[in-house]
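Listed below, chain by chain, are the residues.
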Amino acid sequence: MKKNWLKIIACFVAIFVLVACGKSSNDSKETKSSSSSKEEAVSGASQKTYTDPSEVKDSYDVVVVGSGGAGMAAALSAQEAGADVAIFEKMPVIGGNTNKSSGGMNASETKFQKEQGIDDTNDLFYEETLKGGKGTNNPELLRYMVDNSAEAIDWLDGMGITLSDVTFSGGFSKERIHRPADGSAVGGYLVDGLYNNLKEKKVPIFVNADVTEITDKDGAVTGVKVKMAKKTKTISAKAVIDTAGGFGSNMEMITEYKPELKNYVTTNHKGASGDGIALAEKLGADTVQMDQIQIHPTVYQEKGKDPFLVSEAIRGEGAVLINAEGKRFYNEMETRDNVSAAINRLPERSAYVVFDQQLREHSKSIDTYEEKGMVIKADSIEDLAKKMDVSAENMTATIDAWNKSVAAKNDSEFGRTTGMDRDISKGPFYAIKIAPGIHHTMGGLKINTNTEVLKKDGSAIPGLFAAGEVTGGVHGSNRIGGNAVADIVVFGRQAGTKAAEFAK
């Protein structure tokens, strides 16, 4: 009897070993990206696994170049429309600049606005964005983004990516920027959510896969050449979606179009080098508004540390900007170009974002700022002023005046009307030193509302689609905070759908 039990136990052990070996064998088909890698440490992205290069096929219905929010949204939509699709990303991790987004997604007439009693309209969203872009936005693209923004919020929510915390963004009169419920940075949340859906739907994601050419025959797209695992492979495709991002980290391109930005820091990830624009230009693609390069007013950039964006949503929740004299100096909720200009007019060309524990408890994104050592903290306004090396007398008077303005809902000094739901009265108190930095390239490939890439004569390049920061026109001369995420989701979805239709 004892021998029989020993045999049974031995069998179970053998089965367990075989299962474990099988699992190990399957896992070897994916490449892993550790959260300890430099790129992921910057982005805060969680550990992810990617498709092994040996699994790449000779052809797909749709190839997506780039894996930021636009690329991932495009791939999911293309698959939803019945296409066999694959993503090729030149960097070792996915997400692109979307990883660095800390604000939210603008949308109007959404279910979350209605639940919270926010009376907003698509027309007002359109008008305020057009005003923010100084009337230079492509009206058709802007109208399409606005009118499809609520549906995009619903699409994300249906995949478990819920942006239900609605607040203010600079340049808007309504609470319109949608964020994760816990107030965390939208970028990492969006990338993780889209990635999880891509994995669930078994869409292949190839990283360290540099698309060096979009191939064509008789002017129509036929696929791509991609360098991966030290080899260049030609992959055929019925349609290609270019979502390779902007050129915010390519200082040669930046200074070519805007020489005055030569000494600015950039918030862009190093992969934002303009490759996708160059790939399409070789096929005759036209570009638009390439000199429209946005600087963001609140970028942490102390010596010896990587520049890091401080979300506009912090000001939208009640923070103020303080200068070296310990005083407010401008309406913090004006558009980014105007706030940046106001900071640059200061003798020190820098300022502090100041807020209190009330806001700290509401916004989880501040966790990241503290982890990076960006935050100055003190138990009183006077002590905070001393740590900031500004006048404690001036700053105390400034915060007292601000708190009275909040109570009266009237900022008589600078005319601020939004982001005034919280005063600055609950300790501890916080400050982050900031200055303007290069943030977004608003120019890029010329597209239509079908996301087809256009040539100089206005005709579409057959089989080539584009979405996200690689494109230009929707934001005009100044992008309003929260519109980039709307751009990548709305037009990413459209690109996937249209590319899949073209491939049929």
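Since the model is a prediction, treat every value here as computed from it, not as a measurement. (Residues numbered from 1 in each chain as written. Predicted model: local features only at pLDDT ≥ 70, side-chain atom pairs only at ≥ 80, totals over all residues. Heavy atoms only, no water.)

All right, on to the sheet that holds strand 5 (residues 105–106) then. With antiparallel pairing, 3 strands are arranged side by side in an open sheet as 5-7-6. Since the sheet does not close on itself, it has two edges, and those belong to strand 5 and strand 6 (165–167), each with one partner. Sheet topology note: the strand 6/strand 7 (residues 177–179) ladder contains 3 bridges and is antiparallel. Within strand 7, the residue paired with Asp165 across the bridge is Arg179. (Pairing = 2+ DSSP bridges. Helix = DSSP H or I, 4+ residues; strand = E, 2+ residues; numbered from the N terminus.)

What follows deals with helix 12 (residues 336–345). Those residues of helix 12 lying buried are Arg336, Val339, Ser340, Ala342, Ile343 and Asn344. The inward-facing, buried residues of helix 12 contact strand 13 (293–300), helix 11 (312–316), strand 15 (320–322), strand 16 (351–356) and strand 18 (429–441). (Buried < 20%, exposed > 50% of the residue type's maximum accessible area, 1.4 Å probe, protein only. Contact = heavy atoms within 4.5 Å.)

The final tally for this structure, using the stated rule, is 9 aromatic pairs. Between the aromatic rings of Phe125 and Phe172, the centroid separation amounts to 5.7 Å while the plane-to-plane angle is 90°, which identifies the pairing as edge-to-face. Taken together, the residues span a long stretch of sequence, with Phe125 in helix 5 (residues 122–132) and Phe172 in the loop between strand 6 and strand 7 at a distance of 47 residues. Like Phe125, the residue Phe172 is buried in the burial classification. Relative to Phe491, the ring of Tyr144 has its centre 5.5 Å away and its plane inclined at 35°; by these criteria the two rings are tilted. Here Tyr144 is found in helix 6 (residues 139–147), whereas its partner Phe491 is found in helix 17 (residues 483–503), with 347 residues between them in sequence. Among the residues examined, Phe491 registers a relative accessible area of 2% and is labelled buried. Members of the aromatic cluster, joined through ring pairs, are Tyr60, Phe88 and Phe206. Here the basic side chain of Lys48 rests over the ring of Tyr195, its NZ or CZ set 5.4 Å away from the ring centre. Lying across the ring of Phe172, Arg176 places its NZ or CZ 4.3 Å from the centre. (Phe/Tyr/Trp six-rings, centres within 6.5 Å; stacked < 30°, edge-to-face > 60°. Lys NZ or Arg CZ within 6 Å of the ring centre and 35° of its normal.)

With that out of the way, let us pick up the pairing of strand 9 (residues 210–217). By the bridge criterion, 7 bridges tie strand 9 to strand 10 (residues 220–228) in an arrangement that is antiparallel. Paired with Val211 across the strands is Val226, a residue of strand 10. Here strand 9 hands over to strand 10 after 2 residues, with Asp218 in that stretch at a positive phi of 55°.

Another aspect to go through is unusual backbone geometry. For the bond running from Gly427 to Pro428, omega is -5°, close enough to zero to count as cis. Here Pro428 is to be found in the loop between helix 16 (392–408) and strand 18. The phi dihedral of Lys230 is positive, around 65°, even though this residue is not glycine. When you line up the elements, Lys230 lands in the loop between strand 10 and strand 11 (231–242). A relative accessible area of 82% means that Lys230 is categorised as exposed. Unusually for a residue other than glycine, Arg349 sits at a positive phi of about 55°. Checked against the element boundaries, Arg349 lands in the loop between helix 12 and strand 16.

So, about the environment of Glu393. Relative to the helices and strands, Glu393 resides in helix 16. For Glu393, a relative accessible area of 66% puts it in the exposed group. Expressed as a C-alpha distance, the spacing of Glu393 and Pro307, which sit 86 residues apart in the sequence, is 31 Å.

To continue, consider the domain arrangement of the chain. Partitioning the chain into domains gives domain 1 (59–292 + 442–503) and domain 2 (295–437). With 28 residues of domain 1 at the interface, the matching set in domain 2 holds 27 residues. Taking both partners together, domain 1 and domain 2 bury about 2,100 Å²; carbon and sulfur atoms supply 53% of that area. Considering only the surface of domain 1 that becomes buried against domain 2, Phe168, Tyr264 and Val265 emerge as the three largest contributors, covering 26% of it. Inspection of the region where domain 1 meets domain 2 yields 2 salt bridges. Seen at the junction of domain 1 and domain 2, the total is 10 residue pairs in polar contact (both at pLDDT 80 or more). Tallied by class, residues from the side of domain 1 that touches domain 2 come to 6 nonpolar, 15 polar and 7 charged. (Domains from an automatic or database assignment. Buried area = accessible area lost by both parts, 1.4 Å probe. Salt bridge = Lys/Arg side-chain N within 4 Å of Asp/Glu carboxyl O. Polar contact = N/O pair within 3.5 Å; in protein donor to acceptor, adjacent residues only side chain to side chain. Nonpolar A, V, L, I, M, F, W, Y, C, P; charged D, E, K, R; others polar.)

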